[in-house]
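# Coordinate inspection notes
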Amino acid sequence: MEQAPRDPERQLQPAPLEPLGCPDAGLGAAVGKEAAGAGEEDSGVDTMTHNNFWLKKIEISVSEAEKRTGRNAMNMQETYTAYLIETRSVEHTDGQSVLTDSLWRRYSEFELLRNYLLVYYPHIVVPPLPEKRAEFVWHKLSADNMDPDFVERRRIGLENFLLRIASHPILCRDKIFYLFLTQEGNWKETVNETGFQLKADSRLKALNATFRVKNPDKRFTDLKHYSDELQSVISHLLRVRARVADRLYGVYKVHGNYGRVFSEWSAIEKEMGDGLQSAGHHMDVYASSIDDILEDEEHYADQLKEYLFYAEALTVRTFSLKGMTTKLFGQETPEQREARIKVLEEQINEGEQQLKSKNLEGREFVKNAWADIERFKEQKNRDLKEALISYAVMQISMCKKGIQVWTNAKECFSKM
Amino acid sequence: MAGGPPKALPSTGPHSLRDMPHPLAGSSSEEAVGGDSTPSPDLLMARSFGDKDLILPNGGTPAGTSSPASSSSLLNRLQLDDDIDGETRDLFVIVDDPKKHVCTMETYITYRITTKSTRVEFDLPEYSVRRRYQDFDWLRSKLEESQPTHLIPPLPEKFVVKGVVDRFSEEFVETRRKALDKFLKRITDHPVLSFNEHFNVFLTAKDLNAYKKQGIALLTRMGESVKHVTGGYKLRTRPLEFAAIGDYLDMFALKLGTIDRIAQRIIKEEIEYLVELREYGPVYSTWSALEGELAEPLEGVSACIGNCSTALEELTDDMTEDFLPVLREYILYSDSMKSVLKKRDQVQAEYEAKLEAVALRKEDRPKVPADVEKCQDRMECFNADLKADMERWQNNKRQDFRQLLMGMADKNIQYYEKCLMAWESIIPLLQEKQEAK
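Residues numbered from 1 in each chain as written. Chains lettered and ligands numbered in written order. Predicted model: local features only at pLDDT ≥ 70, side-chain atom pairs only at ≥ 80, totals over all residues.

## Some details on the overall build of chain B
Applied cut-off: Each helix is a run of DSSP H or I of at least 4 residues and each strand a run of E of at least 2, with the numbering of both proceeding from the N terminus. Partly exposed residues are those whose C-beta has more than 12 but fewer than 20 other C-beta atoms within 10 Å; with 20 or more the residue is buried, with 12 or fewer it is exposed, and the C-beta atoms are placed from the backbone. Each residue is represented by a C-beta atom placed from its backbone, and any two residues with such atoms within 7 Å are regarded as in contact.
Looking only at helices and strands, one finds 13 helices and three strands in chain B. Expressed as a percentage of its 437 residues, the buried residues of chain B come to 34%. Nonlocal contacts in chain B, meaning residues at least 24 apart in sequence, comprise 76% of its contacts between residues at least 6 apart.

This is the structure in structure tokens:
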């Protein structure tokens, strides 16, 4: 953090217009390139040439999760899950990847990373984290955040989070992010040294100002509107999907009872016995097939959840955008008028200059933010289409399984 | 005549049955002529117990009544095969066209019953009458009375178990129509029951009520005599084969009861699933309204879920209409079977008691008296009838369940195929957009 915002002036600026590692990389250009490439692994290649952090193409994975017990700040015993993050650099010549770093992080550290990114990159739609606790669960699914299936899904979610940052044209160049991947100890301290917490406080003030914005940018009002609606529609969708899963589970599992009763019945039948017995077996297979089906579907739900949280992130984004706009109209100036007259003129001058620069900054901010939102939209459309395809594929495989099982059962029945 | 050995009668069975009533009717003059042509052995039993001397000369009647059915299983098999190709059938009965009648006193449904037959018992080649549920009920109790040694197919339950079901709703009437149709078909296919006088009247009489009234006098007497018998003897041990049938029926009814509950539960789960799907699909539509590029794919998913819902609804309807009634019929069937078994036990018990009584007086009378012999005959005929019916029933059951369960599998396959088609059809929609980008 060589450029760590030590000077107070900078801390008040919500948007670091120059990404930390790469001052002169054109934002628009980077966005354009990135949108075209989009792969998770080519993140470092075209944006990092003059950044010594990312000389090589790297691969990031969260490869393991482990339950641990330790003492927290209050010296209380606690159990938590730690995730192993591995980074590998890929040699362009032979395509071999070499393990460069591997370290353990826990969920709270991911949260810290995200909070930091939120504060420092207000114009960027920062990727969301997977949920801390399982939400929108259907009854069979455990809401326990130590549940192995949940931990596994969260591991995938956290990996996805890191990959999203790594593939973002600006976020991937952040030093704190780099240290998150490479420096196990002291990382928290480094983050705290950036003073992002202070910044976050001033951001809150800006949030409060939101309601006084007189001429909000229509694009952002629309965006705010959209993200609200998106949030509500996705959460509704997730709720209904959980209920659908519940019922589907019921339908399949009740068929399992046929398995038992057919088998018992077969004991008292002569000619029909064999057919019933084996048909019963197929009913058992049918009933247990739902476990895998719904496990797969949970992945789809996770993909939707990511966008639910993205929508939340968008809402916050538009708030801070409005906060920014507020500043353009010089909310601070009237307060300063209360000061002594002598100082006042100077301050007015200063204020005007500030206003001018804020105007400029603001316009820049809006432009950059909009560019990122455009990038986000494309990413969203692509991802959701993929999610829908994989959902359809899942349904198709479920139908095929169903046809298979019932065809087998029919064969048994026909021999009765 | 009637005393002929049971096994000698397979080919002439129906005719001997036709011949039977007349001598009997003649002997007991108080019986309504033509109305109750074949008195129940219960009745005979009662009489033979009460006033032996009066009725004994006709004691052989039940043997005659039952002889066609006591024929070997070969005949049953043959008839079964005949049923399959349908060529040699000579009696066809169809129940259709339900109609609602609203009177001041009551509202009820009648069904049209069309009969086509080449049998000599029918004066015309074709009949068409309208009957209501209580007429079927009457027919069944008449059959039970007059053919106690045979398994009478069950009627659908009079009252609906589910509680709040509209008795006049189209679905209910249709389900009942199917069950009544099945009931008559089972009687039609039966080598003995299809020749029953009451059945004939039921199919052909213009005014069934007039005919019913004729039987009332007898019915009251019958009630008394039946009471008389049931208070009579107690069976010591059921022969092994009948004990096995009894055990089988208990188990069978139990398992079918379980299957019935499972099937109902599945339908309930499916209906709840359907309710959720009906909400789930439109959410994608709502979402698509927010989107530009994603609008079409989301709308596609929504439509697809809609198609799956429709397919699911068809599945549950089919299961409710076709699967459940057949299960119910067989549960009721096993009850009918059990009651025939009980009657058989009663006949055996009577025989045993009489034999015992004779044994006590052995010194007085060296020869077994004729009434005991008749009683033994009756028991043996009963056993033979019952066994033949049981075998018949087993064959029917096997065919019915094979068909029923294959049908269930088919319905499920069709459901999945429809869903599969729906989901496969939206894949190109999603991919095309993807590539176009």
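Read on for the rest.
## Let's talk about the overall build of chain A
Looking only at helices and strands, chain A features eleven helices and three strands. Order of helices (α) and strands (β) in chain A, N terminus to C terminus: α-α-β-β-β-α-α-α-α-α-α-α-α-α. For chain A, the residues scored as buried account for 36% of the 416 residues in total. By sequence separation, contacts in chain A at least 24 residues apart represent 73% of the contacts at least 6 residues apart.

## Digging into the interface of chain B and chain A
Put simply, the rule is: For this classification, Asp, Glu, Lys and Arg are treated as charged, while Ala, Val, Leu, Ile, Met, Phe, Trp, Tyr, Cys and Pro are nonpolar and the rest, including Gly, are polar.
If you look at the interface, chain B gives 46 residues, while chain A gives 44 residues. For the side of chain B that touches chain A, the secondary-structure elements that each account for two or more residues are helix 11 (240–290), helix 12 (295–360) and helix 13 (370–436) of chain B. Residues of the side of chain B that touches chain A, tallied by class, amount to 27 nonpolar, five polar and 14 charged.

## So, the environment of Lys175 of chain A
Residues and elements named next belong to chain A. By the secondary structure assignment, Lys175 is in helix 5 (residues 175–182). With 17 C-beta atoms packed within 10 Å, Lys175 lands in the partly exposed category. Taking C-alpha positions, Lys175 is 14 Å from Gly195, a pair spaced 20 residues apart along the chain.

## Concerning the sheet that holds strand 3 (residues 126–132) of chain B
Residue and element names in this part refer to chain B. Cut-off, in case you're wondering: Two strands are said to pair when DSSP picks up at least two bridges between them. As a rule, the C-alpha atoms of each element are fitted with a line to give its axis, helices using only the stretch in contact, and angles between N-to-C directions run from 0 to 180 degrees.
Strand order across the open sheet formed by three strands is 1-2-3, with antiparallel pairing between neighbours. Here the strands that pair on one side only, and so sit at the sheet edges, are strand 1 (91–102) and strand 3. In this sheet, adjacent strand axes meet at a mean angle of 20° when their direction is disregarded. On the sheet, helix 8 (residues 170–189) packs against strand 1 and strand 2 (107–117) and is oriented at approximately 150° with respect to strand 1.

## Here we look at the confidence of the model for chain B
Detailed conclusions should not be drawn from predicted coordinates in areas where pLDDT is low. Residues and elements named next belong to chain B. What counts is decided by this rule: pLDDT gives the predictor's per-residue confidence on a scale running from 0 to 100.
When the pLDDT values of chain B are averaged, the result is 76; 70% of them are 70 or greater. Confidence, read as mean pLDDT per element, is least for helix 4 (residues 52–55) in chain B (36) and greatest for helix 11 (92). With pLDDT under 50 throughout, residues 1–87 is counted as low confidence; its partners more than four residues away or in other chains account for 140 contacts. Low pLDDT (under 50) marks residues 219–228, which in the prediction has nine contacts with non-local residues, meaning those over four places away or in another chain. Taken together, the chains of this predicted complex give a pTM of 0.72 and an interface ipTM of 0.71.

## Section: the domain arrangement of chain B
All names here are of chain B. This is how the line gets drawn: Domains are outlined according to an automatic or database domain assignment.
Partitioning chain B into domains gives domain 1 (6–70), domain 2 (89–217) and domain 3 (233–437). Taken over C-alpha atoms, the centre of domain 2 sits 23 Å from the centre of domain 3. Across the contact, twelve residues belong to domain 2 and 16 residues belong to domain 3. Tallied by class, residues from the side of domain 2 that touches domain 3 come to six nonpolar, three polar and three charged.

## Observations concerning the packing of helix 7 (residues 133–146) of chain B against helix 9 (residues 197–204) of chain B
All names here are of chain B. Put simply, the rule reads: For classification, angles of less than 35 degrees are called roughly parallel, those exceeding 145 degrees roughly antiparallel, those between 65 and 115 degrees roughly perpendicular, and all remaining angles oblique. For any pair of crossing helices, the crossing counts as left-handed if the nearer helix is rotated counterclockwise from the farther one by less than a right angle, and right-handed if it is rotated clockwise.
Viewed as axis vectors pointing N to C, helix 7 and helix 9 meet at an angle of 165°, and their least axial separation amounts to 9 Å. When the axes of helix 7 and helix 9 are compared, the pair comes out roughly antiparallel. In this structure, helix 7 meets helix 9 at a crossing whose hand is right-handed. Across from Asp135, Leu139, Lys142, Leu143 and Ser146 in helix 7, the residues of helix 9 making contact are His198, Phe199 and Phe202. Each residue belonging to the contact of helix 7 with helix 9 can be placed in one class, and the counts come to four nonpolar, two polar and two charged.

## Examining the environment of Ala279 of chain A
Mapped onto the elements of the fold, Ala279 of chain A is located in helix 9 (residues 273–328). Residue Ala279 of chain A is classed as buried on the basis of its C-beta count, with 28 C-beta atoms lying within 10 Å. Not counting residues within four places of it along the chain, the set of residues in contact with Ala279 of chain A comprises Phe262, Ala409, Cys412 and Phe413 of chain A together with Leu405 of chain B.

## Topic: the packing of helix 8 of chain B against helix 12 of chain B
Residue and element names in this part refer to chain B. Interhelical geometry of helix 8 versus helix 12 gives an angle of 45° and a closest axis separation of 11 Å. Taken together, the axes of helix 8 and helix 12 lie oblique to each other. The handedness of the crossing between helix 8 and helix 12 is right-handed. Facing helix 8, whose interface residues are Glu171, Thr175, Lys178, Ala179 and Lys182, helix 12 presents Glu321, Pro325 and Glu329. Tallied by class, the residues present in the contact of helix 8 with helix 12 amount to two nonpolar, one polar and five charged.

## Examining the pairing of strand 2 of chain B
Residues and elements named next belong to chain B. Pairing of strand 1 with strand 2, which is carried by ten bridges, proceeds in the antiparallel orientation. Opposite Val93, over in strand 2, you have Thr115 as the bridge partner. Here strand 1 hands over to strand 2 after four residues, the two strands then running antiparallel side by side. Here strand 2 pairs with strand 3 via seven bridges, running antiparallel. Bridging from a neighbouring strand, Arg112 pairs with Arg130 of strand 3.

## Considering unusual backbone geometry
Residues and elements named next belong to chain B. In this structure, Asp97 is a non-glycine residue whose phi angle is positive, near 45°. Within the secondary structure, Asp97 is located in strand 1. Overall, Asp97 belongs to the partly exposed group, with 13 C-beta atoms counted inside 10 Å.

## Quick notes on the confidence of the model for chain A
All names here are of chain A. Scored by pLDDT, chain A comes out at a mean of 74, with 68% of its residues at no less than 70. Within chain A, the element-level pLDDT minimum falls on helix 2 (residues 27–37), averaging 36, and the maximum on helix 8 (residues 218–266), averaging 89. A low-confidence stretch, residues 1–53 (pLDDT under 50), is modelled with 84 contacts involving residues beyond four sequence positions or located in other chains. The model gives residues 328–334 a pLDDT under 50, and that stretch makes nine contacts with residues more than four places away or in other chains.

## Some points on helix 7 of chain B
The cut-off we apply is this: Multiplying one less than the number of residues by 1.5 Å gives the expected span of a helix.
Compared with the 20 Å implied by 1.5 Å per residue over 14 residues, the 20 Å span of helix 7 of chain B between its first and last C-alpha is a close match. Here helix 7 of chain B has its buried residues at Asp135, Phe136, Leu139, Lys142, Leu143, Glu145 and Ser146 of chain B.

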